[in-house]
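Structural overview
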Amino acid sequence: MAGILDVPKPRINCSMLSQFINRAVCFVGRVEKVHPTGKMFTVMDGEGNTATVELNEPLEEELSGIVEVIGMVSNKGEIMASTYNMLREDKGVPFDLELYNEALKVIHDFPQHYPFQVAASG
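Parameters and conventions
Per chain, residue numbering runs from 1 following the sequence as it is written. Restriction of local features to residues with pLDDT of at least 70 applies here, the model being predicted, together with a cutoff of 80 or more for giving and counting side-chain atom pairs; totals for whole chains, interfaces and linings are based on all residues. Just so you know, side-chain values use all the structure's heavy atoms and leave hydrogens and water out. Where helices and strands are cited, they refer to DSSP runs of H or I of at least four residues and of E of at least two residues respectively, numbered from the N terminus. Two residues form a contact once any of their heavy atoms are found within 4.5 Å. Between Lys or Arg on one side and Asp or Glu on the other, a salt bridge is scored when a side-chain nitrogen of the former is within 4 Å of a carboxyl oxygen of the latter. Each residue's exposure class comes from its accessible area (1.4 Å probe, protein chains only) as a fraction of the maximum for that residue type: buried when under 20%, exposed when over 50%, partly exposed otherwise. On a range of 0 to 100, pLDDT expresses the predictor's confidence in each residue. By definition, two strands form a pair when at least two bridges between them are found by DSSP. Each polar contact in these results corresponds to two N or O atoms within 3.5 Å; when the atoms are within protein, one needs to be able to donate a hydrogen and the other to accept it, and residues that are neighboring in sequence are counted only if both atoms are side-chain atoms. One less than the residue count of a helix, multiplied by 1.5 Å, gives the span that helix is expected to have. Within this analysis, the arc is defined by the directions that extend from the helix axis to the C-beta atoms.

Thoughts on the environment of Pro58
The topology assignment puts Pro58 in the loop between β4 (50-54) and β5 (66-73). Sequence separation between Pro58 and Thr37 is 21 residues, and the spatial gap between their C-alpha atoms is 6.7 Å. Each residue touching Pro58, except ones within four places of it in the same chain, is listed here: Thr37, Gly38 and Lys39.

This is the structure in structure tokens:
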């Protein structure tokens, strides 16, 4: 069976979490708060909603700014992260989460033009 990093993952925001329970997803948001244990943090999407991300191991680095999380959505609507990447905001150009959110809406409203998911066989 292919690992979570080897399969296509839909990009989602907080309002889409409940539609992707037990599925691999990609979530981009701004880090809001890191739990003192370092095994959990919250991220805000482009609509201003917050999602919780849980990690298998405590963070080994300071986490801030924009982060891309790859993981599975739990039954509680939390993202169980397999990996994450901090997106650097170089040269004073901030990442526009609101614009990113609008792009997500287009991708999900017109899936025939953005076929990023593998169709189920059968």
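With respect to the pattern of salt bridges
Here the structure, examined in full by the defined rule, presents three salt bridges. Notably, a salt bridge pairs Glu47 with Lys105, separated by 3.8 Å at the nearest N-O pair. Here Lys105 lies in helix α1 (residues 97-109) and Glu47 lies in the loop between β3 (40-44) and β4, a separation of 58 residues in the sequence. Exposure remark for Glu47: the relative accessible area of 36% places this residue in the partly exposed category. A network of salt bridges, in which partner residues are shared, links Glu47, Glu102 and Lys105.

Considerations on the confidence of the model for the protein chain
Do not read the fine detail of predicted coordinates wherever pLDDT is low. Averaged over every residue, the pLDDT of the protein chain is 89; the share at 70 or more is 91%. This model gives residues 118-122 a pLDDT under 50, and the stretch forms one contact once residues within four places in sequence are excluded.

Quick word on the pairing of β3
Two elements, strand β2 (residues 24-34) and β3, share four bridges in a ladder whose sense is antiparallel. Paired with Val34 across the bridge in β3 is Phe41. Between the antiparallel neighbours β2 and β3 lie five residues, among them Gly38 with a positive phi of about 80°. Pairing between β3 and β4: five bridges, direction antiparallel. Its bridge partner lying in β4, Met44 is registered against Thr50.

Let's talk about the environment of Asn75
Mapped onto the secondary structure, Asn75 falls in the loop between β5 and β6 (79-87). Separated by 53 residues in the primary sequence, Asn75 and Asn22 place their C-alpha atoms 7.0 Å from one another. Setting aside its immediate chain neighbours within four residues, Asn75 contacts Ile21 and Asn22. Of note is the side chain of Asn75, whose polar atom sits 3.4 Å from the side chain of Asn22.

What about the environment of Glu57?
For Glu57, the position within the fold is in the loop between β4 and β5. Remark: the alpha-carbon pair of Glu57 and Asn75, spanning 18 residues in sequence, is separated by 20 Å. Beyond its immediate sequence surroundings of up to four residues, Glu57 is in contact with Gly38 and Lys39.

Here we look at α1
One turn of an α-helix holds 3.6 residues; hence residues three or four places apart share an orientation. Along its 13 residues, α1 runs 18 Å from first to last C-alpha, staying within 8% of the 18 Å computed at 1.5 Å per residue. For α1, the full list of buried residues reads Leu97, Tyr100, Asn101 and Leu104. Down the axis of α1, the smallest arc covering the buried residues is 100°, so these residues share one side. In α1, the exposed positions that point more than 90 degrees away from the buried face belong to Glu98, Leu99 and Asp109. As for α1, its buried residues are in contact with β1 (11-12), β2, β3 and β5. Here α1 starts with a cap whose side-chain oxygen sits 3.2 Å from the backbone nitrogen of Glu98, and that cap is Asp96.

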